[in-house]
Amino acid sequence: MKIILLTIFILTLLSCGEDPNIDSIPEIFKTNYSKYKDQKFELQFGDLVQIRNPEFKGIICDVSEDEGGRWFGIIFMDKQDRLFGRNIPSGFSNDCIKLFDFTYLNQRGIKSITKISTIKLENSKIGIGASSTARDEQDLIREYRKGIERRSHLETPCDEKLKTLEPINENYRDINEIKL
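Caption draft 1: Geometry of the state of the cysteines. Evaluated as defined, the whole model comprises one disulfide. Across a sulfur-sulfur distance of 2.1 Å, C96 and C158 are joined as a disulfide pair. Given an S-S torsion of about -135°, the disulfide between C96 and C158 has left-handed geometry. Taken together, the residues span a long stretch of sequence, with C96 in strand β5 (residues 96–106) and C158 in the loop between α3 (137–150) and β8 (170–174) at a distance of 62 residues. Assessed through its relative accessible area of 7%, C96 is described here as buried.

Shown next, in the form of structure tokens:
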């Protein structure tokens, strides 16, 4: 029992002594983009897209494949061009990791969106905080509206997130944070 307690104590000291770089995205949250960056798809990393209704926009920031086919990861943006983001606690510190919320559109629903332009983005600054899926325009609009609703609530400050059972992590992020 003493060995277990001593081990826990040492691990706690070691983890508290680290100086985590909150600006870097841990491997577990990284996108699949680097795996597909040399391939050409209907949509590419950095493509600014809109759903048929121009009110709903987003940026393609990931590609994924599974038994359901190819999925394009979209980070939605509100009318002020702020991206759907979230802050999650980094270990037991009072710091948070800045991530984004993705909606993955199946390749079969690609006709639901239109490419507007392309923006050069820094992939290393983009991490996945939450994800949902969409197969068509209705699913995309549903996910967009859910995202707007979640961001209508006041975000829990980073130093308070570990003290509450249901912290609010959703926020908006400036697109300039990830532009090259």
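Caption draft 2: Geometry of the pairing of strand β2 (residues 57–66). Counting buried residues in β2 gives eight out of ten residues, a clear majority hidden from the surface. Where strand β1 (residues 47–51) meets β2, three bridges bridge the pair, whose relative direction is antiparallel. Bridge assignment links V49 to a residue of β2, and that residue is G58. Bridging between β2 and strand β3 (residues 69–77) involves nine bridges; their strand directions are antiparallel. Following the sheet pairing, K57 is matched in β3 by M77. Once β2 ends, the chain turns through two residues before running back antiparallel as β3.

What counts, and where the lines are drawn
- Residues numbered from 1 in each chain as written.
- Predicted model: local features only at pLDDT ≥ 70, side-chain atom pairs only at ≥ 80, totals over all residues.
- Heavy atoms only, no water.
- Disulfide = S-S within 2.5 Å.
- Helix = DSSP H or I, 4+ residues; strand = E, 2+ residues; numbered from the N terminus.
- Buried < 20%, exposed > 50% of the residue type's maximum accessible area, 1.4 Å probe, protein only.
- Pairing = 2+ DSSP bridges.

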